[in-house]
Amino acid sequence: MPPGARIGVALNERQIDGVAAALVTRHFNSISPENVLKWESLHPARGRYAFAAADRYVAFGERHGMEVTGHTLVWHQQVPAWVFTDPRGTRAALKDHVKQVVGRYRGRIRGWDVVNEALDERGALRDSPWRRALGDDYVAEAYTLAHASDPDAELYYADYNLFRPEKRAGALRLIRDLQSRGIRIDGVGIHAHWGLDFPTKDEIRQMLADFDALGISVMLSELDVSVLPRRSDLNPYVQGLPREIQQKLAQRYAEIFRLALENKTTRITLWGLDDGSSWLNDYPVPGRTNHPLLWDRAYRPKPAFDAVVEVLRSFREK
Ligand code: 9MR
């Protein structure tokens, strides 16, 4: 691994024991909780918090010297309905949530995906329940609240499709706006839910350069590479991935890691450890067999794993 590089993985709760845990502690120095720090897991009813799973998760990271990312405070998914329907108010709920959650893990979570996926494809603020309840300035509010509850935590903005210029322009505007108002923003988390042939190398390079120019850290905070056709019921690899596609996947991973490391990416986090636990088996079409990660369903390393190790080694030796 190149000095200082953070290589992370998203895990769900059941993976902090057994085979998965052994792989994670051996190969990664950073973890992101796939679900346990989301609102629906932590805060099912006003004033009622369920911290047990999150506590175990954070302790697992600490015990093994891995940094833990806080994912995520303000998102339009996985938020219980009461947050937007309770007449006592969404703003009060948000304030309490951030105070309790960020405050509880103060000094233990390195950085938070404070606002997640706030933009639409044109780069404007999406029509989310947060925006409807709180107005456009909910974004700035969330960062201010998070900073107050842990002044030392890094604060990130995270979104997908940022390789598309129009959407990226919106993210650049959003981040610059926070910067110009003196609100803390440390980095951008690029959700790299990509394919074997998109985005192009040039698109990736341009995207990384544009964010780097803001003087913030740039992370691939959710990386996986789908091998399936996107909008289709085709499910061609139920019995396994043909050697040729396996090689393509390996080359694609090597290419992405190389581009990221050449272009000052500070953290690369895989969105899942093994193919069997990937969200891509159920999205956008439920019940397919995808092979988007570095370990297969039996936790055997794939050629893509070797390819990534090779790239990391070459950077260490540079
Ligand atoms: O991987 C997560 C999956 O287990 C959840 O069911 C899903 C719910 O929408 O969220 C997945 O993670 C998402 C992440 O939190 C934000 N970016 C997109 C990820 C994939 O949907």
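The rules we used
- Residues numbered from 1 in each chain as written.
- Predicted model: local features only at pLDDT ≥ 70, side-chain atom pairs only at ≥ 80, totals over all residues.
- Heavy atoms only, no water.
- Helix = DSSP H or I, 4+ residues; strand = E, 2+ residues; numbered from the N terminus.
- Polar contact = N/O pair within 3.5 Å; in protein donor to acceptor, adjacent residues only side chain to side chain.
- Buried < 20%, exposed > 50% of the residue type's maximum accessible area, 1.4 Å probe, protein only.
- Pairing = 2+ DSSP bridges.
- Right-handed = clockwise from strand over helix to strand, strands pointing away.
- Salt bridge = Lys/Arg side-chain N within 4 Å of Asp/Glu carboxyl O.
- Near = heavy atom within 4 Å.
- Areas by Shrake-Rupley, 256 points an atom, 1.4 Å probe, with all protein chains shown as cover.
- Nonpolar A, V, L, I, M, F, W, Y, C, P; charged D, E, K, R; others polar.
- Axes fitted to C-alpha atoms, helices over the stretch in contact; angles between N-to-C directions.
- Core = buried A, V, L, I, M, F, W, Y, C linked by side-chain atoms within 4.5 Å.
- Contact = heavy atoms within 4.5 Å.
- Left-handed = near helix turned anticlockwise from the far one by under 90°.

**Side note on the environment of N161**
Then, number 1: Structurally, N161 can be placed in the loop between β5 (154–160) and α8 (165–180).
Then, number 2: For the pair N161 and L234, spaced 73 residues apart in sequence, the C-alpha to C-alpha distance is 24 Å.
Then, number 3: Separated by 3.0 Å, the side chains of N161 and E121 make a polar contact.

**Observations regarding the pairing of strand β6 (residues 187–195)**
Then, number 1: Burial analysis of β6 places 8 of its 9 residues in the buried class, which makes it a mostly covered element.
Then, number 2: Pairing analysis gives 5 bridges linking β5 to β6, with the strands arranged parallel. The partner of A158 across the bridge, within β6, is G189.
Then, number 3: Between the parallel elements β5 and β6, the chain passes through α8 in a crossover that is right-handed.
Then, number 4: Two elements, β6 and strand β7 (residues 217–226), share 9 bridges in a ladder whose sense is parallel.

**Quick look at the pattern of salt bridges**
Then, number 1: Summed over all chains, the structure comprises 26 salt bridges.
Then, number 2: Here D159 ties to K167 by a salt bridge, and the two come within 3.3 Å at their closest N and O atoms. Both residues of the pair, D159 and K167, count as buried.
Then, number 3: As a salt-bridge pair, E255 and R252 come within 2.7 Å of each other at their nearest N and O atoms. Of this pair, E255 and R252 both sit in helix α10 (residues 243–262), separated by 3 residues, roughly a single helical turn.
Then, number 4: A relative accessible area of 4% places R252 in the buried class.
Then, number 5: Here the residues in one salt-bridge network are R6, E67, R110, E154 and R267, joined through shared partners.

**Section: the site of the ligand**
Then, number 1: Close contacts around the ligand come from 14 residues, with E34, K38, H71, Q77 and E117 the closest.
Then, number 2: Within the complex, 79% of the 450 Å² of free accessible area of the ligand lies under protein.
Then, number 3: In terms of residue class, the shell around the ligand is built from 3 nonpolar, 7 polar and 4 charged.

**Quick word on the sheet that holds β7**
Either a parallel or an antiparallel arrangement is found when strands of a sheet pair, and the pairing is made through backbone hydrogen bonds.
Then, number 1: Taking strand neighbours around the barrel as the criterion, the 8 strands line up as β1-β2-β3-β4-β5-β6-β7-β8 in a closed arrangement whose pairing is parallel. For this sheet, the mean angle separating the axes of adjacent strands, direction not counted, is 30°.

**Overview of the nonpolar core**
Then, number 1: Within the largest apolar cluster, 102 residues are counted, with the highest numbers of intra-cluster contacts made by W112, Y143, Y157, W194, F211 and Y253.
Then, number 2: Considering each element in turn, this core owes the most residues, 10 residues, to α10.
Then, number 3: Filtering out sequence-adjacent residues up to four positions away, Y157 remains in contact with V115, E117, A118, L119, Y143, A171, L174, I175, I185, G187, V188 and G189.

**Some remarks on the packing of helix α5 (residues 90–104) against helix α7 (residues 138–149)**
Then, number 1: Packing of α5 against α7 leaves a shortest axis separation of 8 Å and a crossing angle of 35°. Relative to α7, the crossing made by α5 is right-handed. On the side of α5, the interface is formed by R91, L94, K95, V98, K99, V102 and G103, while α7 contributes E141, L145, A146 and S149.
Then, number 2: Tallied by class, the residues present in the contact of α5 with α7 amount to 5 nonpolar, 2 polar and 4 charged.

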